[in-house]
Amino acid sequence: MNILVIGGGGREHAIAKKIKQDTPTDSVFCCPGNPGMTIDGIETVVIDLSDVDQLIAYAKKQAIDLTIVGPEQPLLDGLVNQFQAAGLKIFGPTKEAAMIEGSKSFAKEVMQAAKVPTATYQSFDQVDSAIAYLEQQEVFPIVLKADGLAAGKGVVIAQTRAQAIQTIKRMMEDRIFGESGSRVVIEEFLDGEEFTLMAFVDGVNVYPMIPAQDHKRAFDGDKGPNTGGMGAYAPVPQIRQSLIDDSVETIMKPVARYLDAQGSSYSGILYAGLIVTQTGPKVIEFNARFGDPEAQVVLPLMESKLVEVLESLLAHQPVDIAWSNQVSLGVVVAREGYPTKVEAPQQLPDLSKTQDVAIYYSGVKKVEDHTFSNGGRVLLMQAKADEFQQAKTTIYRELAKMAFDGFYYRKDIGYRIR
Ligand code: AMP
Ligand code: GLY
């Protein structure tokens, strides 16, 4: 088969590599991809993702059998709608269904209507009423979220009323998160262990993956600014299986059923960011796609063939997905300065001699034959093992072999595992 993966980061590298491993004779094209992916036999093709006509023409010319969308922006731009209208097979939600990620207030409305547990909230499109609301609040910290997409950076946890009011002004008046701050959700602060539950969804049918945990802060001990994710692991042993089953029944399925009943049936990956509170799991956010870096640790544990599963889902046939009993852990290597400053491209050490690990590239480019950083997060090194300790030992041994001058990585990925 000919498969097209839309996107260019570590998540898309993981999707494409999984397909190549499942069926080496499949041709996998990634648009725009990145030059790191070519080590796994993935072909890259550069087309502007906003030029949907050209993407459709390419998919037809290349006889693409199935397209898989990695990132959220093309979903919200309606790439799936347009591919479907052109008669092309594509896996991912329509732009209407992807609003579960595209608008935090829409996600909240869905959760309220579907009676899904989440933080209590109010949404505001006027700065004065947002401030008036904050003046009345008694409990801090409180959570402030820019409504639209903000690359994982649109959330501020304000410790005091004064800080909350100042932040609201910066979001809504100064637009520190751009247009996504024209509407703001103010919600209750939830305390507890966080985890990610992703599922394959076909309308009302929900097939959960193995849960994962991301490390969003830049530095060891969960210090420093929020990032797109500095490492992840799966499964999450400190989350009991009964909580995961509860999350599927009380969160994922009601949302899928509600969207279906509303006429914007969900087909794709549904990502729930969850927090285990005293009263059970509650939703922090939904995404309309695989998580990055969660995909890079979860997909290597999937034993079923990815394309076969997606084809069954698209044909509305039931699927039975087999998962490995092993564990998986991944550590992100980022350019120094990330996420605060974008530093100039820096050459990466030669990683061709690493052993027992997989490498998923994200922000890299090739200059002659050398690989350079091209952005903040550069790669994720992942290992599978019978025990987490073994996976950690392998990865940190391989990372230590290399001189990563001008880069950094967290030394404590997986420290919450109990
Ligand atoms: P998000 O971009 O929605 O994933 O939020 C980023 C991070 O902010 C999450 O991973 C949580 O750690 C934190 N967060 C978001 N909402 C809440 C909340 N209601 N209570 C506590 N922490 C939150
Ligand atoms: N790892 C968080 C995300 O993909 O949004």
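Residues numbered from 1 in each chain as written. Chains lettered and ligands numbered in written order. Predicted model: local features only at pLDDT ≥ 70, side-chain atom pairs only at ≥ 80, totals over all residues. Heavy atoms only, no water.

- The name an unreviewed UniProt entry assigns to the protein chain is Phosphoribosylamine--glycine ligase, from the organism Enterococcus camelliae.
- Heading Sequence similarities (unreviewed entry) of the UniProt record for the protein chain holds this comment: "Belongs to the GARS family."
- UniProt lists a comment for the protein chain under the heading Pathway (unreviewed entry), and it reads "Purine metabolism; IMP biosynthesis via de novo pathway; N(1)-(5-phospho-D-ribosyl)glycinamide from 5-phospho-alpha-D-ribose 1-diphosphate: step 2/2." (UniProt positions renumbered as here; feature names shortened; annotations may be inferred.)

### Structural notes on the site of ligand 1
Thought 1: Taken together, 13 residues surround ligand 1, and among them Glu187, Glu188, Leu190, Glu194 and Glu285 come closest.
Thought 2: Side-chain polar atom of Lys145 to a nitrogen atom of ligand 1: 3.1 Å apart, as the coordinates give it.
Thought 3: Lys216 is positioned with one of its side-chain polar atoms (N or O) 3.4 Å from an oxygen atom of ligand 1.
Thought 4: For ligand 1, the protein covers 91% of the area, taking 470 Å² as the surface of the free molecule.
Thought 5: Elements that contribute at least two residues to the shell around ligand 1 include exactly strand E7 (142–146), strand E8 (155–158), strand E9 (184–188) and strand E17 (280–287).
Thought 6: Per-class residue counts for the shell around ligand 1 are six nonpolar, no polar and seven charged. (Near = heavy atom within 4 Å. Polar contact = N/O pair within 3.5 Å; in protein donor to acceptor, adjacent residues only side chain to side chain. Areas by Shrake-Rupley, 256 points an atom, 1.4 Å probe, with all protein chains shown as cover. Helix = DSSP H or I, 4+ residues; strand = E, 2+ residues; numbered from the N terminus. Nonpolar A, V, L, I, M, F, W, Y, C, P; charged D, E, K, R; others polar.)

### Quick notes on the sheet that holds E8
Thought 1: Across the sheet, which stays open at both edges, the four strands sit in the order E6-E9-E7-E8 with antiparallel pairing between neighbours. Sheet topology places strand E6 (121–124) and E8 at the edges, where each strand pairs with a single neighbour. The mean inter-strand angle of the sheet, taken between neighbouring strand axes irrespective of direction, is 20°.
Thought 2: Both E6 and E9 contribute to a ladder of four bridges, which runs antiparallel. In the sheet register, Phe124 faces E9, and the bridge partner there is Val184.
Thought 3: The strands that helix H8 (residues 161–172) touches are E6, E7, E8 and E9; relative to E7, the one it contacts most, it runs at about 0°. (Pairing = 2+ DSSP bridges. Axes fitted to C-alpha atoms, helices over the stretch in contact; angles between N-to-C directions. Contact = heavy atoms within 4.5 Å.)

### Comments concerning the site of ligand 2
Thought 1: The environment of ligand 2 is formed by Asp214, Gly228, Tyr271, Asn287, Arg289, Gly291, Asp292, Pro293 and Glu294.
Thought 2: In the model, an oxygen atom of ligand 2 is placed 3.2 Å from a nitrogen or oxygen of the Asn287 side chain.
Thought 3: Within the side chain of Arg289, one N or O atom sits 2.9 Å away from an oxygen atom of ligand 2.
Thought 4: Here ligand 2 loses 87% of its free accessible area of 200 Å² to cover by the protein chains.

### Points about the side chain of Thr196
Thought 1: Checked against the element boundaries, Thr196 lands in strand E10 (residues 193–202).
Thought 2: Among the residues examined, Thr196 registers a relative accessible area of 4% and is labelled buried.
Thought 3: Polar side-chain contacts of Thr196 include one of 2.8 Å to the side chain of Glu294. (Buried < 20%, exposed > 50% of the residue type's maximum accessible area, 1.4 Å probe, protein only.)

### A word on the pairing of strand E11 (residues 205–208)
Thought 1: Relative to E11, E10 is paired through four bridges, and the arrangement is antiparallel. Each residue of the ladder has a partner; that of Asp202, found in E11, is Asn205.
Thought 2: Linking two consecutive strands that pair antiparallel, namely E10 and E11, is a turn of two residues; a positive phi of about 65° is found at Gly203 within it.

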